[in-house]
Amino acid sequence: PLTLEEVRMLVELFYLPYHHGALAQELLEHFRWLRANSLSVGVPPTAPDAGGGARWRGRARAFQRLCARTCRLHGRLVSTAGRALLYDLHPYLWDIRNLLLAASAFVLWLGCQSITAPILLGRDAEPWARRGGLFGELQALLPVGNSCDLFYHPPPLFPSSQLYLLRPLLPLDKVGAVAWRGVLPEPLCGPCFHAPALPGRLLGSFLSLSPEYTFVLEDEGGPCGYAAGALHAEGFLQQRDSSWLPALRHKYPPELATGGPALGQEAVLFFHAEPPAVPQPVLRRFPSLVQLGTAPRVLDVGASRSLALCLLSALRANGSRGVFCQVSDSDRQQLSFYSKLG
């Protein structure tokens, strides 16, 4: 059963609409301070005010621990609570878990930035546009907090106790292609293929040209989702077409497609096809490019939504006014994924 400490945590998260318990208050105080003082993160360790960066990282670790405790509480409630109690409380705790997954990854991302820009919030939303309580206050602290349609989604019919971790891309992720099995199509194999061309096709340009806006979703089985973006899509696409694609075409010449597996042929031919041009009106109105995906085993839409919130918050924090994504009209899996996100 739930321990007394876990019950206390649950009460503190939902104490009163405008009066938070100790745990919720600590979460909010850490998040407000970390967001307001993120400029101190990029201070070199030898600088006179290096203590500012060390203090920021210390509070970031404390915030991460609180977020992890709350996510574990969600899993424990699903595993141990009676069904009547679970179905009463689950929608609220599920919402908080999803928001804290995004907030935790956003704070980690702020700590990875060597140069941080002011977080642009735009106009304040009308007071009735946000919910009350801890959820509404956390929402307001994210750079996309005024985009209220991003935060509303019905909870799953069948609650899951699966634990997730959401974080920025690490250098090891770029070379550990085997760990991405199940998230991306299977890497190509055989004597002719010495690199995972299919992961390169889907994520390679982002990993090479815009790694600072790439996030990874993990469950107990390893990586199970990704979100990638480019702040200035026009420059990103020009660089992709002028340098990244020619290098891949040299690495995977067209003759490799003959006689290989069907997926391999598709990937090699993809590199040699001319990518569709993005119309200028789209680039002017939506200057940033995004791409998201999850493994089939991720049935919880809340985790996918947390991926989107985190990526959009990072882009918005550095001044993006809007985003677009490119999807083939024949790619039913991706079309279904984005439709479920809303």
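The structure under discussion appears in the preceding block.
Now for a quick tour of the structure. Since this is a predicted model, take the numbers as computed values, not measurements.

1. Examining the nonpolar core
Counting 65 residues, the largest nonpolar core has F31 and F215 as the members making the most contacts within it. If you tally residues by element for this core, the top one is helix α4 (residues 83-112), at 13 residues. Residues within four places of F31 in sequence aside, it is in contact with F63, A103, F106, V107, L138, L141 and L142. Counting residues in hydrophobic clusters, the runner-up holds 15 residues, among them L169, V216, A228 and A233.

2. With respect to helix α11 (residues 301-317)
Count 3.6 residues to each turn of an α-helix, and residues three or four apart come out pointing the same way. Taking 1.5 Å per residue, 17 residues should reach 24 Å; α11 reaches 24 Å between its end C-alpha atoms and fits that length. The element α11 is largely enclosed, with a buried count of 15 among its 17 residues. Where α11 starts, the residue carrying a side-chain oxygen 2.8 Å from the main-chain nitrogen of G302 turns out to be D300. G319 sits one or two positions beyond α11 and adopts a positive phi of about 100°.

3. A look at the pairing of strand β2 (residues 214-219)
Of all 6 residues that make up β2, 6 are buried, and the element is covered over most of its length. The alternating pattern of β2 places T214, V216 and E218 on one face and F215, L217 and D219 on the opposite face, and all of these are buried. In this sheet, β2 lies alongside strand β1 (residues 165-168) in antiparallel orientation, the contact comprising 4 bridges. In the strand pairing of β2, R167 is matched with V216. With 6 bridges joining them, β2 and strand β3 (residues 222-230) adopt antiparallel strand pairing. Bridge assignment links T214 to a residue of β3, and that residue is A228. Here β2 folds back onto β3, and the loop between the two strands holds 2 residues.

4. What to know about the sheet that holds strand β4 (residues 288-294)
The mixed open sheet is built from 5 strands, whose spatial order is β1-β2-β3-β4-β5. Lying at the two open borders of the sheet, with one neighbouring strand each, are β1 and β5 (323-324). Note that β3 and β4 share 6 bridges and pair antiparallel. Of the residues in β4, the one forming a bridge with G225 is T294. Taken strand by strand, α4 contacts β1 and β2, and its axis lies near 25° from that of β1. Its contacts with the sheet put helix α8 (residues 233-251) on β3, β4 and β5, and the angle it makes with β4 is roughly 75°.

5. Overview of the environment of P211
By the element assignment, P211 lies in the loop between α7 (197-209) and β2. Once the C-alpha coordinates of P211 and P168 are considered, the two residues, 43 residues apart in sequence, prove to be 9.0 Å apart.

6. Let's talk about the packing of helix α2 (residues 22-36) against α4
Contact geometry of α2 with α4 gives a least axis separation of 11 Å together with a crossing angle of 35°. Here the hand of the crossing between α2 and α4 comes out left-handed. Along its contact with α2, which presents L27, F31 and L34, the element α4 presents L100, A103, F106, V107 and L110.

7. Considerations on the packing of α2 against helix α5 (residues 133-141)
Two elements in contact, α2 and α5, have axes separated by 10 Å at closest approach and are oriented at 10°. Looking at the two axes, α2 sits roughly parallel to α5. Within the contact between the two elements, α2 uses A24, L27, L28, F31, R32 and R35 and α5 uses L134, E137, L138, A140 and L141. Here the residues of the contact of α2 with α5 sort into 8 nonpolar, no polar and 3 charged.

Cut-offs used in this document
- Residues numbered from 1 in each chain as written.
- Predicted model: local features only at pLDDT ≥ 70, side-chain atom pairs only at ≥ 80, totals over all residues.
- Heavy atoms only, no water.
- Core = buried A, V, L, I, M, F, W, Y, C linked by side-chain atoms within 4.5 Å.
- Buried < 20%, exposed > 50% of the residue type's maximum accessible area, 1.4 Å probe, protein only.
- Helix = DSSP H or I, 4+ residues; strand = E, 2+ residues; numbered from the N terminus.
- Contact = heavy atoms within 4.5 Å.
- Expected span 1.5 Å × (residues − 1).
- Polar contact = N/O pair within 3.5 Å; in protein donor to acceptor, adjacent residues only side chain to side chain.
- Pairing = 2+ DSSP bridges.
- Axes fitted to C-alpha atoms, helices over the stretch in contact; angles between N-to-C directions.
- Left-handed = near helix turned anticlockwise from the far one by under 90°.
- Parallel < 35°, antiparallel > 145°, perpendicular 65-115°, else oblique.
- Nonpolar A, V, L, I, M, F, W, Y, C, P; charged D, E, K, R; others polar.

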